[in-house]
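# Fold and geometry: a report
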Amino acid sequence: MTKDHTTTSTYSRRDALRLMAAGGVACFAAPNLLGKPAFAETANPTGRVVVGLSQEPTVFNPLMAHIEVDDAVHFSLFDALFRMDPKGVLQPNLAAEVPTQKNGGISEDGLKWRVRLRDDVRWHDGKPFTAEDVKFTLELITNPKFRAWRTGGHSLVRDVTVVSPTEITWRMEEAFAPYLSFLAETFMVPKHILEKEADPNAAAFNQAPVGTGAFKWAQRVAGDHLELVANPEYFGDGPYVERLVFKYIPDMTVLYTQFKSGDIDVVDQAYITADHYEEASKLPGRVVTLEPGASLESIYLNLEKPQFKDPAVRKALYAAMDRNAIIDAIYFGVGTLTETFMPKESYYYNPNLPAQEFNLDLARKILDEAGWVPGSDGIRAKDGVRLSFANATTAGNNLREQVQQFLQQTFAEIGVEMTISNLPAAVMWGEFWLKSQFDSAIAGVTYLIAADPDATNRLHTGAIAAKGGKGSNTGQYSNPEVDALLEKGARTFDPEERRAIYNRVQEIVREDLPFLPLFAYTNVLGRKEGLEGFEPNANTRTASWHATTWRWQS
Amino acid sequence: MTAIVANSRQERWWNSRTAHRFMSHHLALIGMVMIAVLTLACVLGPYLLPYDSLHIDLRARFAPPFTGHHYLGTDPLGRDLAARLFMAGRISLLVGFSAMLLSTLIGTLVGVLAGYRGGWLGTTLMRTVDGFLSFPSIFLVLALSAALKPSPMMITVVIAATSWMEVARIVEAEVRSLREREFVQAGRMLGLSGTHIMFREILPNAMGPIIVAATLTVARAILMEAYVSFLGYGIQPPLPSWGNMLNGAQQYLGTAPWLAIIPGAAITIAVTSFNFIGDGLRDALDVRGDHT
Amino acid sequence: MRGFLLNRLSQSLVLLLIVSVIGFVVLNLIPGGPLAQFGLDPSMTQDDLDRLREQLGLNRPLWMQYLDWAWRLVQGDWGHSFRDGAPVLDVIGRHLVATLLLMGSSTVIAIAIGTWIGIRGATHRYSVFDYLATVGAMVALSIPTFWFGLVGIYVFSLRLGWLPAGNMYTIGDGSALNYLHHLIMPSIVLALVHVAIWSRYMRTATLDVISQEFVKTARAKGLSERRILMKHVVGNALLPMITLAGMQLPSVLTGALVTETVFTWPGMGRLFLDSLGYSDYPVVMGLLMFSAILVVLCNLVADIVVAIIDPRIRLS
C-alpha cells in the first residue's frame, strides 16, 4: 500500500523537477496550485473544519521561535514568497515568479537576488502588501533583539533594496542555494503594524496576528482551541470553508477517539497512532491514508564513545536489527524501510544503496573478525572497552520503549549489552542531546530544512556543537569527503548537479553508518469523507498547509 | 535509676490490649491477609510460572487472558503479563516500603529535633516543613526525577524526599506535648543526655502515631510510584513496575483493556490493604484520625 | 490583634520567600530547559539556540535571574510566558475557570453524596450499609485516580459510547448541556476521593450530634427523627462543610491535575504539566506562587477566625 503510493508520487515529482531543471521557468508550466481558478470566484465560504492537534499552537508570530505544530496555523494566516508544493516544486505565492538563475532572478554567481511580487495582495486589515513588508520581514529576522526562529540563510542577506512596491533585491554574503527553500517557510509580516512596536517580542500582534493568508484570526481559547475565519478578499484560490478551528488534544488516544466520534474533521500533527491505523482504516465515513513523512527514525550513535569508534561495531549492530519485525509488529506495519536520511519522495533520494540484511550470524562474525571477544559475562570487549552502552529516548514514548526492549534482547544475543535510560522530553532534547552527552539515542529526525537536500547541519564536521560547532550534528559524525561535498552542494543551484552530490553523500553515509536507520516515517492521516481539496504534503511539517482549498462536498 | 524512669513511662505502644483491639478489627485483618498473599505471590510467583518476565515473543503479543499458559494474557511485546505483574509487584512494594522507611526516618528525626529543642531550630525546621508542604508534591517528584537518573533507588529517594513532612508534623506535635511530662522531667533531673531523652524516653511514647503514619505512607508511596512511572518518569523498562505497566496501556485501551485493568487492580488491592491496616492500627493505638 | 496579625503576616511572607527560592532552584536544577523543544529542529543551530538563551536572559547567573524575577514580582509583574508571550496572570486566568468548573461540580457531588452516606451510616450504625460505606470509603481512597479515569473511559466512552472521552465541550456547541455532558465523568472521578473523606467526616459529625443532649430533648419533644437530623446535624456541620470546601481552594493547582490529564481538561493542572514539560519557567513559577499565596491566605484566614473565636491564642 505504502509502496504504491511512493512510486506514483516519486514519478510525478521527478518529472516536475526534471522540467524545472531543464527549462528553468518550467514552474510556470506546472499547473499553478495557488492561482485562482475562474469557477471559484463566486463561491461563498461555508461550513467549518475542525483540525485536531496533539500539541498546542502558542506562537502566532511566524518569525518567532516556534515548533512544528505552530506551522499548522501559520500556513493558514500568512503567506510566504513561495510555497513548496507536494511534488517538492517551489510555486510562487506572494512572489509573482520563483527566481532562478535561468530567469535572471538569481545572478550566475548566486549572490544577487531579485524577487517580483504580486500587486493584488492585501493584509487582513485592508492595507496593501508591498516590497516594504518583505524588507521589514527580512530585517526583523536578523534584528538582534528579536527572538527569531532560524536565522540560517537570512544572516547572509545584505543590502535589501526596495526597487518598487512590487520588486525587491538583495545581495548574499555567499552563495547559498537552500535559501530559496528557506524563503518558502519565511512568512511575511506587516510592516505598518509591527514597526510601531517598541518590543517586537511582546507586540499585541503576537496574540492577534494579521496576515495576508486565506484565513483571518478570530479567537483563541488557551489550552483548548483557536478559531480562524475565512478571508473573502484572499488573492489565491479559496477559501471555501468559513471557519477553521485548531483543537488541542494532548492525548493521542483521545485525539483518535474524537476523530472516530466525528468531533474532529482532520487529524493533523502527530496524526493517528500506528496501533489505531487498522481500526481507523475501516471506519465508515472516514478517509484514512498512509502518507510518507520527512523524518527518519534511527538509532543515533555518539561516535566519540569508544564503543562506536570501530565501524565494525556499527555494522554488526545494524545487521542485528530485525527491522521488519519492528515495523510489522511494534509499528503495525506503518513505516517504510530505508537506508538513507533522504526522504524517498525527494528528488535527491538515492535508490541504489545496499539493503540491510538482518543476520545475527553475520553480526557475530563481523565482531569476531574485528577482535571483539566475549568476556566471562558474555559481553564482548576489546582493548578494555566493553561493548555496553545506554540507549535514551523520550520517556513515556511507549512504542519506542518497545523497540528498545526488543533490540536489547537481540543485541544481547550477539554479546552486546544495551541498557535503557529514558528522559523526559525537556531533558532529553536539551543539552543531553544537543551537546552529545548520550551513548546512543532513538530519535525521529528530519535532515532537510524546508525540503532542501542540504544536510550540513546534521552531517558536517563544523556542525558538532559538542566541539564548538554551530549545527546539530549530535552524533559527532566527521568525514572530510562528506564535508567537502556538503559545502559544494550548498553553493550549487542546478538540481541535476546537486543530485549527483547528494547521492554520493548518501552512499558514504550508508557505508559509515553514523546512525542506524530504523524506518522512514509514514504518517496516518485521517479526515472526514466529503472534505475535498485536501492534499498531504511531505515537504511541509503540517497536514494543514493548504487549508484554503478545503471544501465540504455539497 | 533507669528503672524508675522506665516505671514512670506510659504504657508501651504495643501491648496485649492493642493487639487484641487490632485483631478484632476485621478490615485490618483482611488487609494483613491480602498483603501477605500479595507479597507471597510476588516472591514465589515468578518461579511457578512457565514464562520469564523479560522474554519477548512478538508472535504472542496481545494475547488476552487465559490464552494457553498466559493466565493474564500478554503485553505488546508478547511478554507474559502474570510474570511481569509479580516482578513488578516486587519492585513496587519494595519501593513503597523503602520510601516509607526513609521518609519516616527523616520525618521522625526532624520532628523530634524540632519538638524537643524548640526555639529557633524548631521554628526553622517547621517553617521548612511548611515550605515543602506548600508545593504540589507532584511538582517536586517530577522535577527531581527529571533531574536525577531514574532507577528504583532514586525513585525511592525522590518519593521519600517529598513525603516526610507529614510524619515530621505529627511527631513534632506529639513530642512537644510529651516534653513537659513527668517522666521526661525526671530524666532531665537525672542528668540524662538530650539524645537519650529524645530517642529513648520520648520517641517510644510517640510510636503509635508514627506507626500509623508510616503505614499510610506506604500506601501513598505506592500510589506515587505508580503515577510517576505511568507518566514515564519513574522505573525504566525493561524492569516492570505496576506504574510503568500502565504507561502505554492507555493507548491499547480499546483493543487490549486487560493491560490497563490488571496492573491497576493490583495497585488498588495493595493500597487498600495498607489503608485497612493503617485504619486498624489507628483504632487499636487510639490515635486521632485526622490525616486522610 | 494587630501584633498577632503582623506576626502572622511576616511569617507568611517568609514562607513565600522559601517557596519561591526552593521552586526556582528545583526548576533550574532540571537539565534541558526551555530550548529543548527546538532540539530536534534541524534548522535551529547552536548559534540560534545561544542567541535565544541570551535573549531570554537564561545565560545570566541563577541568583541574578532569581532577583530579577522576584523584584518584578514584588512590583506586580509576573512576567511573560516563554511559549506564547502572554502575561503569566493572563495565562493562569485563562485556565482557572476550567479548573474551578471541574472542582466546583465535583465538590457539589462530593458534598451531596457524602452527606447522605455519612448521615445514613451514622443513623444506621453498624448496619450493612454502614459497613459497606466504611469499606467503600477506604477503597475509594486507594484507587489510583488516573487508573479509575482510564477504566471510566474504557467503559463509558469506548465500550458504551455514552460519555465523551475528554475535553470540556464540543467545538461549535457551547450549550450548557454539552458542558454538562463533558463534565460528568471527570467530576465523578475527581469526586470519588472527596466523597470518601466527606462521608467519613459527616458520619462522625452526625454521631456527635446524636449523642448530644439537645437532640435527646428534641426527640423527647416528639419531633420526627428526620427533622431533628436535618435541623441539627446539617446545621452543625455547615461550618465545617464550608471550611472543607475552602480548604480545597489551595489545591486548585494540583487537586485536579491527574483528572485533567486523563480527561484532557484545559485547566490549571494541565497547564502546569505542559509548562513544566516545556520548561516555561515564568508560568511554572507563577503557578507555584499562585498556589502558595492561596495556601498562605487560607491559613491566615483560618488563624484569624480561630483567634477571634478563642482569645487565648491571641494572647500567646
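Residues numbered from 1 in each chain as written. Chains lettered and ligands numbered in written order. Predicted model: local features only at pLDDT ≥ 70, side-chain atom pairs only at ≥ 80, totals over all residues. Heavy atoms only, no water.

On to the overall build of chain A. Counting its secondary structure elements, chain A contains 18 helices and 20 strands. Relative to the 2.2 N^0.38 estimate, which gives 24 Å for 554 residues, the radius of gyration of chain A is 24 Å and therefore close to what a compact globule would have. Here the C-alpha coordinates of chain A stretch approximately 75 × 55 × 45 Å along the principal axes. Relative to its full complement of 554 residues, chain A shows a buried share of 65%. Restricting to contacts in chain A with at least 6 residues of sequence separation, those with at least 24 account for 69%. By element, 51% of the accessible surface of chain A is carried by carbon and sulfur atoms, the whole surface being about 19300 Å². (Helix = DSSP H or I, 4+ residues; strand = E, 2+ residues; numbered from the N terminus. Rg over C-alpha atoms; globule rule 2.2 N^0.38 Å. Buried < 20%, exposed > 50% of the residue type's maximum accessible area, 1.4 Å probe, protein only. Contact = heavy atoms within 4.5 Å. Areas by Shrake-Rupley, 256 points an atom, 1.4 Å probe, with all protein chains shown as cover.)

The subject of this paragraph is the overall build of chain B. Secondary structure assignment for chain B yields 13 helices and 0 strands. Along its sequence from the N terminus, chain B presents helices and strands in the succession α-α-α-α-α-α-α-α-α-α-α-α-α. Taken over the C-alpha atoms alone, chain B extends approximately 75 × 45 × 30 Å along its principal axes. Looking at the 292 residues of chain B, the share that counts as buried comes to 58%. Each charge class in chain B can be summarised by its mean position, and for the 21 positive and 17 negative side chains these summaries are 4 Å apart. (Lys, Arg positive; Asp, Glu negative; His and termini not counted. Charge placed at Lys NZ, Arg CZ, Asp CG, Glu CD.)

The feature "domain: Solute-binding protein family" (unreviewed entry), as given by UniProt, occupies residues 90-453 of chain A in the numbering adopted here. Along residues 90-453 of chain A, the helical share is 25% and the strand share 24%, with 14 Å between the first and last C-alpha atoms. (UniProt positions renumbered as here; feature names shortened; annotations may be inferred.)

So, about the domain arrangement of chain A. Residues and elements named next belong to chain A. If you check the domain split of chain A, you get domain 1 (80-190) and domain 2 (294-521). A C-alpha centroid distance of 35 Å is found between domain 1 and domain 2. Taken together, the contacts link 13 residues of domain 1 with 11 residues of domain 2. In this assembly, domain 1 packs against domain 2 so that about 950 Å² is buried in total across both faces, 69% of it on carbon and sulfur atoms. When the area that domain 1 buries against domain 2 is broken down by residue, the three leading residues are Ala175, Ala177 and Pro178, summing to 39%. Summed over the shared surface of domain 1 and domain 2, the number is 1 residue pair in polar contact (both at pLDDT 80 or more). (Domains from an automatic or database assignment. Buried area = accessible area lost by both parts, 1.4 Å probe. Polar contact = N/O pair within 3.5 Å; in protein donor to acceptor, adjacent residues only side chain to side chain.)

Turning our eyes to something else, we now look at the pairing of strand β7 (residues 215-221) of chain A. Residue and element names in this part refer to chain A. In the sheet, β7 pairs with strand β8 (residues 225-230) via 6 bridges, with the strands oriented antiparallel. Bridged to Arg220 within β8 is Leu226. Counted along the chain from β7 to the antiparallel partner β8, the turn is 3 residues long, and its residue Gly223 has a positive phi close to 80 degrees. (Pairing = 2+ DSSP bridges.)

What follows deals with the interface of chain A and chain C. With 60 residues of chain A in contact, the opposing surface of chain C contributes 45 residues. A buried area of about 4200 Å², summed over both sides, lies between chain A and chain C, and 54% of it is on carbon and sulfur atoms. With its nearest N and O atoms 2.9 Å apart, the salt bridge here joins Arg220(A) to Asp84(C). At the boundary of chain A with chain C, the tally comes to 18 residue pairs in polar contact (both at pLDDT 80 or more). Within the residue set of the side of chain A that touches chain C, elements represented by two or more residues are β1 (48-53), β7, β9 (243-248), α7 (252-261), α14 (425-428), α15 (431-434), β17 (440-445) and α16 (456-459) of chain A. Among the residues forming the side of chain A that touches chain C, the class breakdown is 27 nonpolar, 18 polar and 15 charged. (Salt bridge = Lys/Arg side-chain N within 4 Å of Asp/Glu carboxyl O. Nonpolar A, V, L, I, M, F, W, Y, C, P; charged D, E, K, R; others polar.)

All names here are of chain A. With 5 of 6 residues buried, β9 is to be regarded as a mostly interior element. Note: β1 against β9, 6 bridges, orientation parallel. Note that in β9 the partner of Arg48 across the bridge is Arg243. Pairing between β8 and β9: 5 bridges, direction antiparallel. Residue pairing in the sheet places His225 in a bridge with Lys247 of β9.

Between chain B and chain A, the residue contacts involve 24 residues of the former and 24 residues of the latter. In this assembly, chain B packs against chain A so that about 2100 Å² is buried in total across both faces, 53% of it on carbon and sulfur atoms. Together, Ile56(B), Pro237(B) and Gln251(B) form the three largest contributors to the area buried by chain B at its contact with chain A, with a combined 26%. On inspection of chain B and its partner chain A, the count reaches 7 residue pairs in polar contact (both at pLDDT 80 or more). Split into classes, the residues belonging to the side of chain B that touches chain A amount to 13 nonpolar, 7 polar and 4 charged.

Residue and element names in this part refer to chain A. Taken together, 3 strands build an open sheet; the order of strands is β4-β6-β5 and the sheet is antiparallel. The sheet is open, and its two edges are formed by β4 (112-116) and β5 (157-164), each paired on a single side. Sheet twist, expressed as the average angle between the axes of neighbouring strands with direction ignored, equals 20 degrees. The sheet contact formed by β5 and strand β6 (residues 167-172) spans 5 bridges and is antiparallel. If you follow Thr161 over to β6, its bridge partner there is Thr169. Docked against the sheet, helix α4 (residues 131-141) engages β5 and β6, running at close to 170 degrees with respect to β5. (Axes fitted to C-alpha atoms, helices over the stretch in contact; angles between N-to-C directions.)

Right, let's get into the environment of Arg200(C). Residue and element names in this part refer to chain C. Inspection of the secondary structure puts Arg200 in helix α7 (residues 176-211). Note on Arg200: relative accessible area 31%, which makes it partly exposed. Taking the C-alpha atoms as reference points, Arg200 and Arg125, separated by 75 residues in sequence, lie 12 Å from one another. Not counting residues within four places of it along the chain, the set of residues in contact with Arg200 comprises Thr134 and Ala137.

This paragraph deals with the packing of aromatic side chains. All names here are of chain B. Counting across every chain of the model gives 41 aromatic pairs over all chains. An angle of 80 degrees between the planes, with centres 5.8 Å apart, marks the rings of Phe97 and Phe274 as edge-to-face. Of this pair, Phe97 sits in helix α4 (residues 81-117) while Phe274 sits in helix α13 (residues 258-285), placing them 177 residues apart in sequence. The exposure class assigned to Phe97 is partly exposed, which follows from its relative accessible area of 39%. When the centroid spacing of 5.6 Å and the interplanar angle of 65 degrees are considered together, the rings of Phe132 and Trp164 count as edge-to-face. Of the two residues, Phe132 is situated in helix α5 (residues 119-133) and Trp164 in the loop between α7 (152-161) and α8 (165-178); the sequence distance between them amounts to 32 residues. Given a relative accessible area of 9%, Trp164 falls into the buried group. (Phe/Tyr/Trp six-rings, centres within 6.5 Å; stacked < 30°, edge-to-face > 60°.)

What follows covers the nonpolar core. Ranked by size, the top nonpolar core spans 298 residues in total, and within it Trp170(A), Leu459(A), Phe139(B) and Trp242(B) carry the most contacts. Broken down by element, this core gets its largest block of residues, 13 residues, from α13(B). Of the residues that make up this core, three or more belong to each of domain 1 (80-190) and domain 2 (294-521) of chain A. With near-sequence residues (within four places) excluded, Trp242(B) lies in contact with Leu38(B), Cys42(B), Leu85(B), Ala88(B), Gly89(B), Ser92(B), Leu93(B), Pro263(B), Ala266(B), Ile267(B) and Ala270(B). (Core = buried A, V, L, I, M, F, W, Y, C linked by side-chain atoms within 4.5 Å.)

All names here are of chain A. Spatially, the 3 strands line up as an open sheet ordered β12-β13-β14, and their pairing is antiparallel. A strand with exactly one partner marks an edge of an open sheet, and here the two such strands are β12 (373-374) and β14 (385-386). Sheet topology places strand β13 (residues 380-382) next to β14; 2 bridges connect them, and they run antiparallel. Residue Ala381 lies in a different strand from β14, and its bridge partner there is Arg386.

Within α7(B), the full set of buried residues consists of Ile155(B), Thr156(B), Val158(B), Ile159(B) and Ala160(B). In the core, the buried residues of α7(B) are packed alongside α4, α6 (137-147) and α11 (207-230) of chain B.

All names here are of chain B. The feature "transmembrane region" (unreviewed entry), as given by UniProt, occupies residues 27-49, 91-116, 128-147, 153-171, 210-235 and 255-278 in the numbering adopted here. With 96% helix and 0% strand, residues 27-49 has its two end C-alpha atoms placed 31 Å apart. The span residues 210-235 is 81% helix and 0% strand, and its two end C-alpha atoms sit 28 Å from each other.

Taken as a whole and judged by the stated rule, the model has 52 salt bridges over all chains. In this structure, Asp130(B) engages Arg169(B) in a salt bridge whose closest nitrogen and oxygen atoms are separated by 2.6 Å. Taken together, the residues Asp130(B) in helix α5 and Arg169(B) in helix α8 connect sequence positions 39 residues apart. Each of the salt bridges in this network shares a partner with another, and the network as a whole consists of Glu56(A), Arg220(A), Asp84(C) and Arg94(C).

Time to look at helix α10 (residues 311-319) of chain A. Residues and elements named next belong to chain A. Most of α10 is tucked away, with 7 of its 9 residues classed as buried. Here α10 has its buried residues at Ala312, Val313, Arg314, Ala316, Leu317, Tyr318 and Ala319. Here α10 starts with a cap whose side-chain oxygen sits 2.9 Å from the backbone nitrogen of Ala312, and that cap is Asp310.

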